[in-house]
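Here is how the chains run, residue by residue.
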Amino acid sequence: MKDYKWWQSGVIYQIYPRSFFDSNNDGIGDINGIIQKLDYLQWLGIEAIWLSPINKSPMYDFGYDISDYYDIDPSYGTMEDFDRLIEEAHKRNIKIIMDLVVNHTSHLHKWFIKSRSSPDNDKRNWYIWRKGKNGAPPNNWKSAFGGSAWELDIETGEYYLHSFLKEQPDLNWRNSDMRNAIYKMMRFWLDKGVAGFRLDVVNWFVKDEKFRDNPWTIRPLNPERHKYDRNRPEVHQYLKELRKVIDEYDNRMTVGEVFTLPPGDPELSASFLGNGHDELHMAFDFSIMYRLWSARQFYTCIKKWYKALPPEGWPCNVLSNHDQPRSRTRFLGGSDSEKRARVAAVFLLTIKGTPFIYYGEELGMTNTRLRRSEIVDPLGKRYWPVYSGRDCSRTPMLWNSKENAGFSETRPWLPVDSNYKKINVKSQMKDRYSILNLYRNLIHLRKKHKALAVGEISAAIKGFNGSLAYFRFYEDEKFFIALNFSKKEKKIHINERGQWRVMLSTHRSNREHLTNLSLTLAPYEATVIMKIGEL
Ligand code: NOJ
Ligand code: CA
């Protein structure tokens, strides 16, 4: 029998710390706030928390610009608070995964301050410095956040590369001293007991050695084809090195953010798993996040995703994160949007692969509409009104129906969504039919049944006509999951005999017995059925 790891069977919950819970009423979520909500997360049943960055940062990109990897940002707390978080989380059998932001640092990191001080500094090559070409930047690469990816440093007359803001200079992964400093820092956190890392933009770490110009296409919004500044093959040798550091410790994991534009690129994401054991443990494929609400599209995405993985590789699945609109909002559906969110929940938690839940997704939280004056994300500020940035999906967690949804007693750093009287933890905990309780029941059902957590999957209805159905199985256990993505009744018929029992459903009562898999699915029905015997 195969030995499964916690990161394969468990559910991982992403917390954006600034927006989870504010324990000292300064309007900013913090580490002590997370500690106070661990009981909630334990009740929900998650295995691990992935924390968006909490390291010291001047917050040009809200923590994705780290100025000290060995310290905690004072707005989130202290190192003692972090140690307590690990301890309190472990008491509740919850693991902590950190965000490893090492494509770049903050421009205020001491490494960069030294690097920029002189071309002879021993840290000069820890970052990417080039001379300009005829008074212009070294090449045509553009920053993901707008403008040239090169910034001229007046003092030394050279340009440094920044794939994001100019306050986020890119590290030079070809430099072994720099890499060793990163590995040392990783050991510091692993020694503290963190269970692993999510690697920020892992596919951007290495750039073309010759700094060749990128080709341009006629795509109106993103004309640049990132041939030379992203997805360079040399990254894999460094990830093999990084994996060895992780493997010095027992039972840790890594998950890579393989950042691609729509439509997503499952083959590319899968390539970051190496042979399944020698690079990252998991990687995100954003294909589903970039699709509309469609059973057929969901089916083809996961099919391609599973097919792309190496034989020993393990998938993970995600509907939202802090960079994308919230899934419920993306799936549209008007007054049916909550029903769609429920179908999506059953999908996420019953297909093969580790599910990642973005905070608030379990409540059916929606994007928050913001005015220009409320936007703080540098992307939103730059591109408003064409693109309002990422703040809309980063607004405070909705805890109860009190002022500020119980997130804070002062005005939060981003506005609380106006629907918090209807959508919040407290009221949904009490309602056994709430979407929150649906998430909880699904998570607990996965814990009880290996077929759902780690079993194989085989398709039964492939998304044509708005419905999707599949089997999950493990040893003697067999499950059948049927999802109706449409607002019309759907009849499905699967030629499979046996005695079956409904284990969880948006529409049927639990324990309903079936002697075949001919079902009429109600609009937006999602039902999980277990085989209990032969006929
Ligand atoms: C990807 C992160 O998810 C995003 O939030 C951030 O702005 C960029 N990487 C830069 O670190
Ligand atoms: Ca606070």
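Just so we're clear, the structure is a prediction, and the values are computed from it rather than from any experiment.

Novice: Help me understand the overall build of the protein chain, please; the structure alone is not making it clear to me.
Specialist: Check the secondary structure of the protein chain and you find 15 helices and 19 strands. Once the C-alpha set of the protein chain is aligned to its principal axes, its extents read approximately 80 × 50 × 45 Å. Looking at the protein chain residue by residue over its 535 residues, the buried ones come to 63%. Relative to all contacts within the protein chain whose residues are 6 or more apart in sequence, the contacts with residues 24 or more apart total 68%. Accessible surface for the protein chain amounts to roughly 21900 Å². Of this, 48% is attributable to carbon and sulfur atoms. In the protein chain, 80 positive and 66 negative side-chain charges are present, and the distance between their average locations comes to 6 Å.

Novice: Sorry, what's going on with the packing of helix α6 (residues 176–192) against helix α7 (residues 235–246) here?
Specialist: Helix packing for two helices is described by the angle between their axes and how far apart those axes are. Interaxial distance between α6 and α7 falls to 10 Å at its minimum, and their mutual angle equals 30°. By the angle between their directions, the pair α6 and α7 is classed as roughly parallel. In this structure, the crossing between α6 and α7 has a hand that is right-handed. Between α6, through Arg179, Tyr183, Met186, Arg187 and Leu190, and α7, the contact on the second element is made entirely by Tyr238, Glu241, Leu242, Val245 and Ile246. Across the contact of α6 with α7, the residue classes tally to seven nonpolar, no polar and three charged.

Novice: In this structure, what is going on with the coordination of the calcium ion (ligand 2)? I would like to understand it.
Specialist: Reference values for coordination geometry: four tetrahedral donors around a metal ideally subtend 109.5 degrees, six octahedral donors ideally subtend 90 or 180 degrees. The coordination sphere of the calcium ion (ligand 2) contains the protein donors Asp22 (OD), Asn24 (OD1), Asp26 (OD), Ile28 (O) and Asp30 (OD), at a distance range of 2.2 to 2.3 Å. By relative accessible area, which is 39% here, aspartate 26 ends up partly exposed.

Novice: Please explain the domain arrangement of the protein chain as it appears in this structure.
Specialist: Assigned domains of the protein chain: these are domain 1 (6–105 + 176–206 + 253–444) and domain 2 (456–533). Placing a centre on the C-alpha atoms of domain 1 and another on those of domain 2 gives a separation of 29 Å. Taken together, the contacts link 20 residues of domain 1 with 21 residues of domain 2. Approximately 1800 Å² of surface area, both sides summed, lies buried where domain 1 meets domain 2, with 73% of it carried by carbon and sulfur atoms. Linking domain 1 with domain 2 are one salt bridge, by the criterion used here. Two residues, lysine 352 and glutamate 456, come together in a salt bridge whose shortest N-O distance is 3.2 Å.

Novice: What should I look at first to understand the side chain of serine 57 in this one?
Specialist: As for its placement among the helices and strands, serine 57 is situated in the loop between β3 (55–56) and β4 (68–72). The residues contacting serine 57, other than those within four sequence positions of it, are Gly63, Asp65, Ile66, Ser67 and Asp73.

Novice: Looking at this model, I keep getting lost on the pattern of salt bridges. Mind explaining?
Specialist: Pairing between side chains of opposite charge can happen when the charged atoms of each approach one another. Under the criterion given, the structure shown has 34 salt bridges. The shortest N-O distance in the salt bridge between arginine 174 and glutamate 209 comes to 4.0 Å. Within this pair, whereas arginine 174 is found in the loop between β8 (158–161) and α6, its partner glutamate 209 is found in the loop between β9 (196–199) and α7, the two being separated by 35 residues in sequence. With a relative accessible area of 56%, glutamate 209 lands in the exposed category. Of the charged contacts, one joins aspartate 200 and arginine 198 as a salt bridge, the two residues approaching to 2.8 Å between their closest N and O atoms. A single burial state applies to aspartate 200 and to arginine 198, both of which are buried.

Novice: Sorry, what's going on with the site of ligand 1 here?
Specialist: Near ligand 1 you find 13 residues, and of these Asp61, Asp200, His322, Asp323 and Arg390 are the closest. Between ligand 1 and histidine 104 there is a distance of 3.0 Å, counted from an oxygen atom to a side-chain nitrogen or oxygen. Arginine 198 is positioned with one of its side-chain polar atoms (N or O) 3.1 Å from an oxygen atom of ligand 1. When isolated, ligand 1 has an accessible area of 290 Å², and the protein chains bury 98% of it. Taken together, the residues of the shell around ligand 1 sort by class into four nonpolar, two polar and seven charged.

Novice: Before we go on, may I ask you to explain the sheet that holds strand β15 (residues 467–474) in this structure?
Specialist: Each strand in a sheet pairs with its neighbour through backbone hydrogen bonds, running either in the same direction (parallel) or in the opposite one (antiparallel). Strands sit in the order β14-β15-β16-β19-β17-β18 across an open sheet of six strands; the sheet is antiparallel. One side of each edge strand has no neighbouring strand; the edge strands of this open sheet are β14 (456–462) and β18 (513–521). Direction aside, neighbouring strands of the sheet carry axes that sit 45° apart on average. Pairing between strand β16 (residues 477–484) and strand β19 (residues 526–533): five bridges, direction antiparallel. Bridge assignment links leucine 483 to a residue of β19, and that residue is alanine 526. Packing of helix α9 (residues 295–308) onto the sheet brings it into contact with β14 and β15, and relative to β14 it is tilted by some 150°.

Rules and cut-offs
By convention here, each chain's residues receive numbers from 1 onward along its written sequence. Whichever chain is written first becomes A and whichever ligand is written first becomes 1, with later ones labelled in order. Per-residue local features of the predicted model are confined to residues with pLDDT of at least 70, and side-chain atom pairs are confined, for both listing and counting, to 80 or more; whole-chain, interface and lining totals are unaffected and use all residues. The basis for the side-chain values is all heavy atoms of the structure; hydrogens and waters are excluded. Each helix is a run of DSSP H or I of at least 4 residues and each strand a run of E of at least 2, with the numbering of both proceeding from the N terminus. We call a residue buried when its accessible area falls under 20% of the maximum for its residue type, exposed when it is over 50%, and partly exposed in between, using a 1.4 Å probe and counting protein chains only. Contact definition: two residues touch when any of their heavy atoms are within 4.5 Å. Note on areas: these come from Shrake-Rupley sampling with a 1.4 Å probe, and a residue is covered only by the protein chains present in the view. Neither His nor the chain termini are counted; the positive set is Lys and Arg, and the negative set is Asp and Glu. Charged groups are reduced to one reference atom each: NZ for lysine, CZ for arginine, CG for aspartic acid, CD for glutamic acid. In this analysis, axes come from line fits to C-alpha atoms, helices being fitted only over the stretch in contact, and the angle between any two N-to-C directions falls in the range 0 to 180 degrees. Orientation labels follow simple angle bins: below 35 degrees gives roughly parallel, above 145 gives roughly antiparallel, 65 to 115 gives roughly perpendicular, and whatever is left gives oblique. By convention, the crossing between two helices is left-handed when the near helix turns anticlockwise from the far helix through less than a right angle, and right-handed when the turn is clockwise. Gly counts as polar in this scheme, as do all residues outside two lists: the nonpolar Ala, Val, Leu, Ile, Met, Phe, Trp, Tyr, Cys and Pro, and the charged Asp, Glu, Lys and Arg. We call an atom a donor if it is N, O or S and sits within 2.8 Å of the metal, or 3.2 Å for Na, K and Ca. Water is not counted, so some sites may look partial. Annotation comment: domain bounds sourced from an automatic or database domain assignment. Buried area: the accessible area, evaluated with a 1.4 Å probe, that two parts lose upon being put together, summed over both parts. The term salt bridge refers to a pairing of a side-chain nitrogen on Lys or Arg with a carboxyl oxygen on Asp or Glu at a separation within 4 Å. In these notes, residues near a molecule or strand are those with any non-hydrogen atom within 4 Å of it. Polar contact is defined as a pair of N or O atoms within 3.5 Å, subject to the rule that within protein one atom must be able to donate a hydrogen and the other to accept it, and that residues adjacent in sequence are counted only when both atoms are side-chain atoms. DSSP-based pairing: two strands are paired if at least 2 bridges between them are found.

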